[in-house]
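# Results of the structural survey
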Amino acid sequence: MRTPFVVGNWKLHKTIAESLALVTELKNQLAAVAAGKRVEVGVAPPFTALWPVARRLDDASVMVCGQDCFWEERGAWTGEIAPSMLVDVGCRWVIIGHSERRQHFGETDAGVGKKVKAALAAGLGAIACVGETDAERDAGSTTAVVDRHLEGALAHVTAADAARFVVAYEPVWAIGTGRTATPAQAQEVHAHIRKRLGEKLGAEAAAAIRIQYGGSVKANNAVALMGQADIDGALVGGASLEAADFIAIVRAARGNS
Ligand code: 13P
C-alpha cells in the first residue's frame, strides 16, 4: 500500500549548470520508469540551484526537495530559509534533521520537531532523519537513539500528516562510508520505527508512513534493501550525483524493473 519514495540528497555538490544537466537527464530517463506511480522520486539540490531545477522539472514527475529549512517564517534570522520560501521556489518536500546537520551544525531533537511542524504548516512534506553512530551501535543504544530522534521529529506530527511525513533511517556509520547496513539490520530498525509510529500515531498512520533507508545505497545493494517489508525507498547521497546510478536505485525501489 505504500508507494516507495527515492530521494537524491545532493548535499554540497553541483553548480546551477551541473544541476540542470543532471535533472535534464533524470527527467528524460525517468519519464518511463516512474510512469504508473509505482515509485515517487525527488531530488534535493543545494539552495542556489532550487529555482532553475524546479523550472526544468515543471512538467516532470520528479519532485524538488530542500535539504533543510528553518522553523520561523520570517524575521531577523540571518542565513536561514523559511519553509514557505521553499514552497515559493517549487519545493514539495524538505529533508530535516540530517545527521550532518546534527553533527556539524548543532541541530537538536527539539529543533527538528519545530522544523517538521513549520514545514508541514507551510504545505511541504517533511523527511525526518534518524540514526545512530558507530559508537552508539557498539554500545547497544541504537534503539534508544532512534527513539530519541523520533520523539523529537514527531513532537508536533499527527496521524493526519501521514501522507506528508517520511522517516529516513540513516545509520551514521553507513553514510558515505561504503558500509551499508545489511538488509536484515536495516529491516530490524525499520520495523522498530514503524512500531513506535504506531504507538504515537495509531496503526493506520503507521502503516501509511514511508520509511526510507539511507547510507551507502548503491545500484548493487538497492534491490536487497528495497525487498525488505518495512523499507519504502531510499535517501541517496553519493549515488544520486550520477543519473545512471540514481536511476538504477529508482528501478530497484519500483520493483519488477
Ligand atoms: P551516501 O549515500 O553518500 O552514503 O549518503 C547518504 C545520505 O546521507 C543521504 O542523505
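Report on the accompanying structure. (Residues numbered from 1 in each chain as written. Predicted model: local features only at pLDDT ≥ 70, side-chain atom pairs only at ≥ 80, totals over all residues. Heavy atoms only, no water.)

### Description of the site of the ligand
Taken together, 13 residues are adjacent to the ligand, and Lys11, His98, Gly176, Ser216 and Gly238 come closest. Asn9 places a polar side-chain atom, nitrogen or oxygen, 3.0 Å from an oxygen atom of the ligand. One nitrogen or oxygen atom from the main chain of Gly237 is found 2.9 Å from an oxygen atom belonging to the ligand. The fraction of the free accessible surface of the ligand (310 Å²) that becomes covered by protein chains is 96%. Taken together, the residues of the shell around the ligand break down into four nonpolar, seven polar and two charged. (Near = heavy atom within 4 Å. Polar contact = N/O pair within 3.5 Å; in protein donor to acceptor, adjacent residues only side chain to side chain. Areas by Shrake-Rupley, 256 points an atom, 1.4 Å probe, with all protein chains shown as cover. Nonpolar A, V, L, I, M, F, W, Y, C, P; charged D, E, K, R; others polar.)

### Remarks on the sheet that holds strand β3 (residues 63-66)
The eight strands lie next to each other as β1-β2-β3-β4-β5-β6-β7-β8, forming a closed barrel whose pairing is parallel. Each neighbouring strand pair of the sheet contributes to a mean axis angle of 25°, computed without reference to strand direction. Bridge count for strand β2 (residues 40-44) against β3 is two bridges, and the pairing is parallel. Bridge pairing in β3 links Val43 to Val64. In this fold helix α5 (residues 109-121) packs onto β4 (93-96), β5 (125-130) and β6 (165-169), with an angle of close to 175° to the strand it touches most, β4. (Pairing = 2+ DSSP bridges. Helix = DSSP H or I, 4+ residues; strand = E, 2+ residues; numbered from the N terminus. Axes fitted to C-alpha atoms, helices over the stretch in contact; angles between N-to-C directions. Contact = heavy atoms within 4.5 Å.)

### What about the state of the cysteines?
By the definition in use, this model includes zero disulfides. Lacking any disulfide linkage, Cys65 is separated from the closest cysteine sulfur, that of Cys91, by 7.0 Å. Accessibility expressed as a relative area gives 0% for Cys65, which makes it buried. Exposure remark for Cys91: the relative accessible area of 5% places this residue in the buried category. (Disulfide = S-S within 2.5 Å. Buried < 20%, exposed > 50% of the residue type's maximum accessible area, 1.4 Å probe, protein only.)

### Comments concerning the packing of aromatic side chains
Per the counting criterion, the structure on display carries four aromatic pairs. Here Phe5 and Trp93 contribute two aromatic rings whose centre-to-centre distance is 4.8 Å and whose plane-to-plane angle is 50°, an arrangement assigned as tilted. Of this pair, Phe5 sits in strand β1 (residues 5-9) while Trp93 sits in strand β4, and the two are 88 residues apart along the sequence. On the basis of relative accessibility, which here comes to 0%, the residue Phe5 falls in the buried class. Taking the relative accessible area as the measure of exposure, Trp93 reaches 6% and is therefore buried. Clustering of aromatic rings is evident, with ring pairs tying together Phe70, Trp71 and Trp77. Between Arg101 and the ring centre of Phe105, over which it is positioned, the NZ or CZ distance is 4.2 Å. Positioned above the aromatic ring of Trp71 is the side chain of Lys114, whose terminal nitrogen or guanidinium carbon lies 4.0 Å from the ring centre. (Phe/Tyr/Trp six-rings, centres within 6.5 Å; stacked < 30°, edge-to-face > 60°. Lys NZ or Arg CZ within 6 Å of the ring centre and 35° of its normal.)

### Considerations on unusual backbone geometry
Backbone geometry at Lys11 places phi at a positive 55°, although glycine is not the residue there. Positive phi, close to 90°, is recorded for Lys14, a residue that is not glycine. Mapped onto the elements of the fold, Lys14 is located in the loop between β1 and α1 (16-33). Judged by its relative accessible area of 23%, Lys14 is partly exposed.

### Section: the pairing of strand β7 (residues 210-214)
Where burial is concerned, most of β7 is hidden: five out of the five residues are buried. Along β7, one buried face is formed by Arg210, Gln212 and Gly214 and the opposite face, lined by Ile211 and Tyr213, is buried too. Summarising the sheet, β6 and β7 pair through four bridges and their orientation is parallel. Pairing of Tyr169 across the sheet is with Tyr213, part of β7. When β7 meets strand β8 (residues 233-236), the two strands line up parallel, connected through two bridges. Residue pairing in the sheet places Gly214 in a bridge with Leu235 of β8. Between the parallel elements β7 and β8, the chain passes through helix α10 (residues 219-226) in a crossover that is right-handed. (Right-handed = clockwise from strand over helix to strand, strands pointing away.)

### Some thoughts on the environment of Val39
Along the polypeptide, Val39 turns up in the loop between α1 and β2. The exposure class assigned to Val39 is buried, which follows from its relative accessible area of 3%. Each C-alpha atom of the pair Val39 and Gly79 lies 34 Å from the other, and the pair is 40 residues apart in sequence.

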